[in-house]
Amino acid sequence: MSKSPLSVIVLAYNEEENLPDCLASISFADEIIVIDSDSTDKTAKIAKEYGATVYQRNLNNDYAAQRNFAISKASHEWILMLDSDERVSADLAHEIQVCVEVNKDFCYQLSRENHFKGGVCRHGTLRPDRVERLFKKEGSFYEGIIHERLHSPYPKKVLKGKLIHFPYKSWSVHLQKMDKYTTLIAQKYFEKGKQSNFLRDVVIKPLWAFLNMYILRLGFLDGKLGFEFCVLHYTYTLEKYLKLNSLNKHQGRI
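Okay, so let's go over this structure. This is a predicted model, so every value here is computed, not measured.

### Details of the environment of Tyr-108
Logical step 1: Examined against the element boundaries, Tyr-108 turns out to sit in strand S6 (residues 107-116).
Logical step 2: Judged by its relative accessible area of 5%, Tyr-108 is buried.
Logical step 3: Spatially, the C-alpha atoms of Tyr-108 and Glu-239 are 34 Å apart, while their sequence positions differ by 131 residues.
Logical step 4: Leaving out residues up to four positions away in the same chain, Tyr-108 has contacts with Trp-78, Cys-99, Val-131, Glu-132, Arg-133, Leu-134, Lys-157 and Leu-159.

### As for the pairing of strand S3 (residues 53-56)
Logical step 1: Looking at chain direction, strand S2 (residues 29-36) and S3 are connected through four bridges and run parallel. The residue bridging Asp-36 from the neighbouring strand is Gln-56, located in S3.
Logical step 2: Read from S2 through helix H2 (residues 43-49) to S3, the crossover connection turns out right-handed.

### As for the packing of aromatic side chains
Logical step 1: All chains considered together, the criterion is met by twelve aromatic pairs.
Logical step 2: Aromatic side chains Phe-210 and Phe-227 sit 6.2 Å apart centroid to centroid with 85 degrees between the ring planes, which places their arrangement in the edge-to-face category. Of this pair, Phe-210 sits in helix H6 (residues 198-216) while Phe-227 sits in helix H7 (residues 223-250), placing them 17 residues apart in sequence.
Logical step 3: Between the NZ or CZ atom of Lys-136 and the centre of the ring of Tyr-154, over which it lies, the distance is 5.9 Å.
Logical step 4: Above the plane of the ring of Phe-106 lies Lys-157, whose end atom (NZ or CZ) is 5.0 Å from the centre.

### Considering the pairing of strand S11 (residues 156-165)
Across a regular strand the side chains alternate sides, sitting on one face of the sheet and then on the other.
Logical step 1: The pairing of strand S5 (residues 86-88) with S11 spans three bridges and is antiparallel. Following the sheet pairing, Val-88 is matched in S11 by Leu-163.
Logical step 2: Examined bridge by bridge, S6 and S11 share seven bridges and lie parallel to one another. Bridge assignment links Cys-107 to a residue of S11, and that residue is Lys-156.

Parameters and conventions
Residues numbered from 1 in each chain as written. Predicted model: local features only at pLDDT ≥ 70, side-chain atom pairs only at ≥ 80, totals over all residues. Heavy atoms only, no water. Helix = DSSP H or I, 4+ residues; strand = E, 2+ residues; numbered from the N terminus. Buried < 20%, exposed > 50% of the residue type's maximum accessible area, 1.4 Å probe, protein only. Contact = heavy atoms within 4.5 Å. Pairing = 2+ DSSP bridges. Right-handed = clockwise from strand over helix to strand, strands pointing away. Phe/Tyr/Trp six-rings, centres within 6.5 Å; stacked < 30°, edge-to-face > 60°. Lys NZ or Arg CZ within 6 Å of the ring centre and 35° of its normal.

Given below as structure tokens:
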């Protein structure tokens, strides 16, 4: 079967566990590019075994720059952007191939569903989201150090097939990511001159974050996992404002 004229870009760092399933799910693509952020495991070796072109480039906490670098290396007009912990379902793969063949000027959003060993989260903090991942190279670029956004000159359209996401291997990984992100966000707020109020930001906002996700966003329907992730959303909100408050008052010290 002929391959689709599509460049798939995968960002990776020490992803030897996730990468094989990710790359197997995109075997329909003519070009696979893996941007490896100086992994110390077998990430690069596995990528090459699956026929990917591997570029070594340190992430340096700038996801937008990493993705823009990857886009510059793509050979095809159409690009599919993935992370190592994502897999393209069979239905989605078929849709992507059709979109590339039809070649209309759209930026396609993919419906991403979060999976874990303990089940699937369809509500609360990890309810399915739409991510803009299939787009034309010309005029497209990413912006933002964290929670980076794709800028595309074309109108958006949603595909029906699922992008399966395995976001966290363990609670330890999740907590490390929370610490990293809350530090970056607090620093960003601080550099913009944002002030924090103890009652509003440290007391009220984290509580509202939990209630919003667990009750209004139906996190309770996901059972224990739903409760656990909503509690961690409370912690995430609390942590970023505690760090901002500390930066404002004591240069980051407690």
